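Understanding the architecture of this molecule
Listed here are the chains, written in short residue letters.
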Amino acid sequence: MLKDFADVAETGSRDQKLLAAIDWERLPRHVAIIMDGNGRWAAQRAQPRIAGHRAGVEAVRSAVDTGARLGLGALTLYAFSTENWKRPRYEVDALMRMLRKYLRLELDEIDRQNIRFQTIGRIEKLATGVRDEIARASERTASNSGMILSVALNYGGRAEIVDACRAALRKLQAEGKSIDELNEQQIDRELYTRNLPELDLLVRTSGELRISNFLLWQIAYAEIYVTETLWPDFRRVQLLQAIVDYQQRSRRFGGLKLVVNAK
Ligand code: IPE
Ligand code: IPE
Ligand code: MG
């Protein structure tokens, strides 16, 4: 497995030490990241918030590359929440422009790494230019069999649960069944994340101890890792550190026995 990093991890580097510490049989199947702290990163440099978002793109590139090289089943990135519309128009526009540019510039590399791209969230509310770029990336990578990269856009955990309940109830109704038959599996099957493995690890950057409406259903038994690192400074080392930390936790899922993650 180390060979996938041979071209980038210098001998004796911190990367390499962390890579050596990773138990390849117990990788998290699905890692999600709340990419936070771009504004503070910019403020520390007396720059406009948008400069922080721009710098954050490099961190996205690095996380996607690392996730694919590690062989994660899924990586989900929180890029724009349903609440982020409250920000000034120029900031929202800048974020959307950067997303388009990222997809345009990175699509070849994403495809080369056998990554399947998708979005989660109510993307119908996004501008057509962004939606076109999303459609292009999703179609081009649809048959890739490697890591599934999901970018959460106009995403809200509560909205997702509402959407899933509606869809599940509609199916029950169509089958002439009672709403009392609604169960967790039926809701699971309607979530935006229905094609993704169980969420094992949730990372939040910039030290905030909150969930901000992300993957509310899916975090039920996820391990949470918070780092003080601001998103634009987040690189491979920090992601490897999160995974090593995750592997040191004992997960019990409410029982008494330690559960080792199957790959
Ligand atoms: C995260 O950085 C990026 C998005 C929410 C799009 P912020 O813009 O929230 O940065 P802070 O939290 O103000 O530092
Ligand atoms: C969460 O960050 C949303 C994204 C990372 C896209 P926010 O910066 O919007 O969250 P709060 O406002 O600190 O809760
Ligand atoms: Mg923030």
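Residues numbered from 1 in each chain as written. Chains lettered and ligands numbered in written order. Predicted model: local features only at pLDDT ≥ 70, side-chain atom pairs only at ≥ 80, totals over all residues. Heavy atoms only, no water.

1. Things to note about the nonpolar core
Most often, soluble globular proteins keep nonpolar side chains buried together rather than apart. Here is the rule we go by: Put simply, buried Ala, Val, Leu, Ile, Met, Phe, Trp, Tyr and Cys residues joined by side-chain atoms within 4.5 Å make one nonpolar core. Accessible area is worked out with a 1.4 Å probe on protein chains only. A residue is then buried under 20% of its type maximum, exposed over 50%, and partly exposed in between. Here a helix means four or more residues in a row that DSSP labels H or I, a strand means two or more in a row labelled E, and each is numbered from the N terminus. We call two residues in contact whenever any of their non-hydrogen atoms come within 4.5 Å of each other.
Residues I33, V64, L70, L75 and L149 are the most contacted members of the largest nonpolar core, which totals 53 residues. Of all the elements, helix α4 (residues 89–112) adds the most residues to this core, at ten residues. With residues up to four places along the chain from it excluded, the contact list for L149 reads V64, L75, L77, Y102, I110, I115, R116, F117 and Q118.

2. Description of the pairing of strand β1 (residues 30–34)
Put simply, the test is: Here, strands pair whenever DSSP counts at least two bridges between them.
Where burial is concerned, most of β1 is hidden: five out of the five residues are buried. Of the two faces of β1, the one holding H30, A32 and I34 and the one holding V31 and I33 are both buried throughout. Two elements, β1 and strand β2 (residues 74–81), share five bridges in a ladder whose sense is parallel. Paired with H30 across the bridge in β2 is A74.

3. Here we look at the confidence of the model for the chain
We count it as follows: What pLDDT conveys is the predictor's confidence in a given residue, as a value from 0 to 100.
Overall, the predicted model of the chain reaches an average pLDDT of 96, with 97% of residues at or above 70. Across the chain, the element-wise mean pLDDT spans from 94 in helix α1 (residues 14–21) up to 99 in β1.

4. Focus on the site of ligand 1
Definition in use: Throughout this document, a residue counts as near a molecule or strand when at least one of its heavy atoms sits within 4 Å of that molecule or strand. Here a polar contact is recorded for every N or O atom pair within 3.5 Å, except that within protein the pair must consist of a potential hydrogen donor and a potential acceptor, and residues adjacent in sequence are included only if both atoms are side-chain atoms. In these tables, accessible area is a Shrake-Rupley quantity obtained with a 1.4 Å probe, and a residue counts as shielded only by the protein chains included in the view.
In the vicinity of ligand 1, the contacting residues are M35, D36, G37, N38, G39, R40, R49, H53, A79, N84, R87 and L95. A distance of 2.9 Å is found between an oxygen atom of ligand 1 and a backbone nitrogen or oxygen belonging to G39. R49 has a polar side-chain atom sitting 2.7 Å from an oxygen atom of ligand 1. For ligand 1, the protein covers 86% of the area, taking 380 Å² as the surface of the free molecule. Secondary structure elements with two or more residues in the shell around ligand 1: α2 (38–44) and α3 (49–70). Counting residues per element, the shell around ligand 1 draws most heavily on α2, at three residues.

5. Considering the packing of aromatic side chains
Under the convention used in this document: Aromatic rings from Phe, Tyr and Trp, with only the six-membered ring used for Trp, were paired whenever their centres fell within 6.5 Å, and each pair was classed as stacked if the ring planes differed by under 30 degrees, edge-to-face if by over 60, and tilted otherwise. By definition here, charges over rings are those cases where NZ of Lys or CZ of Arg is within 6 Å of the ring centre and within 35 degrees of the ring normal.
For the structure shown, the criterion picks out seven aromatic pairs. Taking 5.8 Å as the distance between ring centres and 85° as the angle between the ring planes, the aromatic pair formed by Y78 and Y155 counts as edge-to-face. Of this pair, Y78 sits in strand β2 while Y155 is found in strand β4 (residues 148–155), placing the two residues 77 residues apart along the sequence. Assessed through its relative accessible area of 0%, Y155 is described here as buried. With 5.0 Å between their ring centres and 20° between their planes, W231 and F234 make a pair best called stacked. Among the residues examined, W231 registers a relative accessible area of 1% and is labelled buried. For F234, a relative accessible area of 1% gives the class buried. Grouped by ring-pair contacts, the aromatic residues Y78, Y155, Y192 and F214 constitute a single cluster. In this arrangement the basic side chain of R45 is found over the ring face of W41, its NZ or CZ atom lying 3.9 Å from the centre. Over the aromatic face of F5 sits the side chain of R69, whose NZ or CZ is 5.9 Å from the ring centroid.

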